[in-house]
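Take a look at the letters that make up each chain.
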Amino acid sequence: MTLKRMHPFKIMYSFMKTLKNSLFILIYLFVLNFNDDSTFIKFAKIAFLMFLVFRFIYLVIEWWNTKYGIKDRSIHFYQGLFKKKNRSIPLKQVQNIQFNSPFFYRMFHLTSLSLETSSTNEEATLKFEAINKKEAESIEHQLDPYKSNAYLSGEEYDFQEPIRSERGRESNRNVQFTPTRKDVLKASFLSFSFLALIPILVSTYHEFNNVIHLDDNLDGIWAFLTSSWLIIGTAVTLFVIIAITFGMIRTFLKYGKYEIASDPERIYIHSGLLNERSFSIRKEDVQAIQMTQTFLKRILGLAEVKLISAENINADSSEEISTLYPFLPIKRTYSLIQELLPDFQISQTTDHLPGSALFMRMLRIPWFWIISTVLLLWLIPQWWYLSLILLVITYLLRILHYRNTRYVMNKEFIQFELNGLNRTLFITNRQKIVEAEVEQTLLQKKFGLATIRTINRTKPIHHEEMKDVSVETSKIFLSWYQNRKYEIQTE
Amino acid sequence: MDSISEPENTISKDAIKVWRLSHIIEESIGLLIVIGLLTAGILFNWYQWVIIILWILAALTPLSAIWSILIRPIYLQKQWRFGVNEEFIQLKHGIFKQKHSIIPMTKVQFVEAEQGPLLRKYKLYTLNIGTMRSSHSIPALSKREAFALRSKIAQHAKIKEVTNDDIKTNASL
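Keep in mind the model is a prediction, meaning the values are calculated, not measured. (Residues numbered from 1 in each chain as written. Chains lettered and ligands numbered in written order. Predicted model: local features only at pLDDT ≥ 70, side-chain atom pairs only at ≥ 80, totals over all residues. Heavy atoms only, no water.)

### Concerning the UniProt feature "transmembrane region" (unreviewed entry) in chain A
Residues and elements named next belong to chain A. Per the UniProt record, "transmembrane region" (unreviewed entry) is annotated on residues 46-64, 184-202, 222-249, 358-377 and 383-401. For residues 46-64, the helix share is 100%, the strand share is 0%, and the end-to-end C-alpha distance is 27 Å. Along residues 358-377, the helical share is 85% and the strand share 0%, with 30 Å between the first and last C-alpha atoms. (UniProt positions renumbered as here; feature names shortened; annotations may be inferred. Helix = DSSP H or I, 4+ residues; strand = E, 2+ residues; numbered from the N terminus.)

### Some details on helix H15 (residues 330-340) of chain A
All names here are of chain A. What H15 keeps buried is the set Thr333, Leu336, Ile337 and Leu340. In an axial view of H15, the angular spread of the buried residues amounts to 100°, which keeps them on one side of the axis. Each element contacted by the buried residues of H15 is listed here: strand E8 (174-177), strand E9 (258-262), strand E10 (266-271), strand E12 (286-293), strand E13 (302-309) and strand E14 (328-329). (Buried < 20%, exposed > 50% of the residue type's maximum accessible area, 1.4 Å probe, protein only. Arc of directions from axis to C-beta. Contact = heavy atoms within 4.5 Å.)

### Looking at the UniProt feature "transmembrane region" (unreviewed entry) in chain B
Residue and element names in this part refer to chain B. Residues annotated in UniProt with the feature "transmembrane region" (unreviewed entry) correspond here to residues 29-46 and 52-71. Counting secondary structure, residues 29-46 comes out at 83% helix and 0% strand; the distance between its end C-alpha atoms is 22 Å. The span residues 52-71 is 100% helix and 0% strand, and its two end C-alpha atoms sit 28 Å from each other.

### Quick look at the sheet that holds strand E2 (residues 88-93) of chain B
Sheet architecture is open: six strands sit in the order E21(A)-E20(A)-E19(A)-E3(B)-E2(B)-E1(B), paired in antiparallel fashion. Looking at strand neighbours, the two that pair on one side only are strand E21 (462-470) of chain A together with strand E1 (81-84) of chain B, the edges of this open sheet. Ignoring which end each strand starts from, the neighbouring axes of this sheet average 15° apart. Lying over the sheet, helix H16 (residues 356-363) of chain A contacts strand E20 (449-456) and E21 of chain A, oriented at roughly 115° with respect to E21 of chain A. Lying on the sheet, helix H4 (residues 143-157) of chain B is in contact with E1 and E2 of chain B; it crosses E1 of chain B at an angle near 45°. (Pairing = 2+ DSSP bridges. Axes fitted to C-alpha atoms, helices over the stretch in contact; angles between N-to-C directions.)

### A closer look at the packing of aromatic side chains
In total, this model carries 23 aromatic pairs over all chains according to the counting rule given. Cluster of aromatic residues (ring-pair linked, three or more members): Phe177, Tyr255, Tyr258, Tyr325 and Phe327 of chain A. Across from the ring centre of Trp64 of chain A, 3.6 Å away, lies the NZ or CZ of Arg5 of chain A, which sits over that ring. Directly above the aromatic system of Phe147 of chain B lies the positively charged group of Lys143 of chain B, at a separation of 5.8 Å from the ring centroid. (Phe/Tyr/Trp six-rings, centres within 6.5 Å; stacked < 30°, edge-to-face > 60°. Lys NZ or Arg CZ within 6 Å of the ring centre and 35° of its normal.)

### Topic: the packing of helix H1 (residues 14-43) of chain B against helix H2 (residues 48-79) of chain B
Residues and elements named next belong to chain B. Viewed as axis vectors pointing N to C, H1 and H2 meet at an angle of 180°, and their least axial separation amounts to 9 Å. With respect to each other, H1 and H2 are oriented roughly antiparallel. Split by residue class, the contact of H1 with H2 holds 20 nonpolar, six polar and three charged. (Parallel < 35°, antiparallel > 145°, perpendicular 65-115°, else oblique. Nonpolar A, V, L, I, M, F, W, Y, C, P; charged D, E, K, R; others polar.)

### Section: the sheet that holds strand E5 (residues 94-101) of chain A
Residues and elements named next belong to chain A. A sheet is described by the order of its strands in space; here seven strands give the open sequence E7-E6-E5-E11-E10-E9-E8, paired in antiparallel fashion. Here the strands that pair on one side only, and so sit at the sheet edges, are strand E7 (125-132) and E8. On average, each strand axis in the sheet is tilted by 20° relative to the strand beside it, whichever way the strands run. The pairing of E8 with E9 spans three bridges and is classified as antiparallel. In the sheet register, Phe177 faces E9, and the bridge partner there is Ile260. Along the sheet, helix H1 (residues 9-21) contacts strand E6 (110-117) and E7; its crossing angle with E7, the most-contacted strand, is approximately 115°. Here H15 sits on the sheet and contacts E8, E9 and E10; the angle it forms with E8, its principal contact strand, is near 155°.

Following this line, the structure appears as structure tokens:
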């Protein structure tokens, strides 16, 4: 086995990260107190520079000591200076693959590769911060046994000559979805929906101004802006234009070049114009599918489809990317799910909640309303009427949600759907549910109702529940779940 | 569709005594802390509202003690049900909020019998069942029952589910 190191760019990457983390100190010492000659600042500057030098040396050594290689169908990772660490991860365990190539990485043909495993401990993710793109791809290539076996035949493989069967791969991989220009335009329209807030903000500002005179504190900027309608108009138009341009550019960069592809084993999502990202997930590892449509997306006929998989590392990045595409045309959504994940069959969600569920829901204590009313009466008592409006909205929403909540247990699938202002649809398979739960409060018992809950094997655990189904349904649910025993295969 | 068998096994009656003992200890520690803080507050002139809150807490302690020492253990013991068959573990418990969970045997990763000093006094064990992502426990089982259950679950849990992905791998190798 030939051991390889990361690309030296890794040192730069980590060093930049250090600088970023100590940005505050940097600004404090070298910008705010640049001309300060006091001994303390002087020493602090020297100490900080020494720290940077040592950090750099450390990073170089760390880079030198970190090696990896693939042997016997596992990735071996050696790292550590004083404390040697040796990790090996069977390729089979890798579930999700993620490439991240920010713009400046792409100039050097680099990428950062994350391999997410199903392991439960902390080090579930193997991260190659900076490696050559070709190499990353060849690692990816070896992850799927049926692909790599074709040319590896079990022997060890080093990265000297990246064997690429590009053509063979292309024929396997089918592009299932790329957004049209119209889709992206719609998507960018959603990204500046916040503009609708402007009139509200302005009027709120006015209201507040009457109470606490913000103007005095803002040095009359506001007074100048509001001095004539012409200036107001210009300022607002300018702001709107800037916001729209910004929103559109951002959307195009992020979602403009987008590709969802699949082969029999995996789903591949590729995105980004400047900062490229790609993500692939094994189909078997998709635990559940969640489709959401916000109110605005409903109007535009768009939907977001999220694949819930075992491992959702650092919620910041992967959360977003395990989304198929946040702006899928609704017409395409169902067929796309069918094509990508034939294991999941979405059907009509037919079963309603029983009538007593409405009573139950009306009786629940409206905590949100109580807390906001207390806050409102405490802070701005002259707006007491808002509390009444909120109360009406709360109860109207309860009725709306009651009427539009549906579920169905169809063969091995369970489906929950809420079709209020927003729409969410959740579907999973009983084989992928690791625990089923029925909960009943005393009040629910009075009405003959219960809450059913499914728990999927993800990290963090994904709970999905349906409140106030009838007791009979909850019993059916439990026995439906127990019938998984006929489907699972055991060793 | 099969009708499900409701879990029927109960936990030991001595659970009531164990819970009572442990709550007596807990409540007295709580009371001691509140009294300690209250004395300190009065001696060192803390804010009035802090002292008021401490008085309220002190007044609530007897009520919560009556509930948690006298009443709750009886109902909790009465409501606890569990059942174990070849495929599933079922747990059902709770007074105000009753929870009925079903855990497939194939998802069980470990099972252990545990005994603290209080449980030892009554020769009881708590059975902890760990799955991939969570942990459940059946409190207060007699030694015989706990050990029998432990080996039963361990036996059944040995069987592991095959995911499609494994089959494929094996076939391709």
